[in-house]
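Take a look at the letters that make up each chain.
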Amino acid sequence: IPFLLLSSYIMGLAFQYVKTSQEKQFIKNAFNHYIAPDLVNELIANPSKLVYGGEQKEISVIFSDIVSFTSYAESHTPKETVDILREYLSEMVKIIKQNKGTIDKFMGDEIIALFGAPLEMDDHAFWACKAALEMQEKLSFLQKKWQRERKDIFEIGIGINSGIMTVGNLGSDQIFDFTAIGDNMNIGARLENLTRTYPTKHNIIISEMTVNSTKNKIVVKFIEEVNVKGKLSKIKIFELLDLN
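To keep things clear, this report deals only with the structure shown in the data block. (Residues numbered from 1 in each chain as written. Predicted model: local features only at pLDDT ≥ 70, side-chain atom pairs only at ≥ 80, totals over all residues. Heavy atoms only, no water.)

**What about the overall build of the protein?**
And step 1. Counting its regular elements, the protein contains 7 helices and 8 strands.
And step 2. Taking all 244 residues of the protein together, the buried fraction comes to 45%.
And step 3. When the accessible surface of the protein is split by element, carbon and sulfur atoms take 54% of a total near 13,400 Å². (Helix = DSSP H or I, 4+ residues; strand = E, 2+ residues; numbered from the N terminus. Buried < 20%, exposed > 50% of the residue type's maximum accessible area, 1.4 Å probe, protein only. Areas by Shrake-Rupley, 256 points an atom, 1.4 Å probe, with all protein chains shown as cover.)

**Here's the deal with the pairing of strand 4 (residues 156–169)**
And step 1. Where burial is concerned, most of strand 4 is hidden: 12 out of the 14 residues are buried.
And step 2. With 14 bridges joining them, strand 1 (residues 53–66) and strand 4 adopt antiparallel strand pairing. From the neighbouring strand, F63 faces strand 4, where its bridge partner is G159.
And step 3. Relative to strand 6 (residues 204–207), strand 4 runs parallel, the two being bridged by 3 bridges. By the bridge assignment, I158 is partnered in strand 6 with I204.
And step 4. With 4 bridges joining them, strand 4 and strand 5 (residues 178–181) adopt antiparallel strand pairing. Across the sheet, the residue bridging to V167 is A180, located in strand 5. (Pairing = 2+ DSSP bridges.)

**Quick look at the pairing of strand 1**
And step 1. In the sheet, strand 1 pairs with strand 3 (residues 110–115) via 5 bridges, with the strands oriented antiparallel. Bridge assignment links I62 to a residue of strand 3, and that residue is A113.

**What about the environment of W146?**
And step 1. Along the chain, W146 turns up in helix 5 (residues 124–148).
And step 2. The exposure class of W146 is buried, given its relative accessible area of 0%.
And step 3. The spacing of W146 and I84 is 62 residues in sequence and 8.9 Å in space, taken between C-alpha atoms.
And step 4. Among the polar contacts made by the side chain of W146, one reaches the side chain of E87 at a distance of 3.0 Å. (Polar contact = N/O pair within 3.5 Å; in protein donor to acceptor, adjacent residues only side chain to side chain.)

Structural data, given as structure tokens:
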């Protein structure tokens, strides 16, 4: 009987080891390309943060989109479009990861990134703003490079919002999808669209909620109060100029 108990105990340990190893590998595969390595390690240490379902969290979101990308794609060959898009997206992902962000998804040429999820960040709004400024700085570098290579260039618009959103693994039984949803997510998308309407120095528009969350760590310029689809009251929008 002691031998049977010992055998069962060892088998249980072995099963748990395999299960834990598979779990760790799943987390690595799911997030390695989307967030910084140190954040992946934190998730491996706390896999409960990835349980199916959502939770209400205060986070910041970046929406970044290429201006008039449809026209750009129509005037270039598929290979030219894919090549320049790959180069651009690769550089933007690097910057987001370096600033503790998580790539939510790509929607064609659009990038959606979360700050403060899946792991807690008190200063998520600051890091989102820092990432946005660095993204525009990198784009400027790429534009000069593309001009030397006799390639057409493009601009991007960036919108940032902060607030309570539903965050978590909101996919299906078959597909793992860590994302965020809610009104504040939608506002982020609307702010990016407003960069077409309001010319700004860096083509970055942020909400009052983001300004307040950064605790005076950024330099902004008030634009005006605007109606945003889905919101009954107007919201104040700001141009992001620099970091303090």
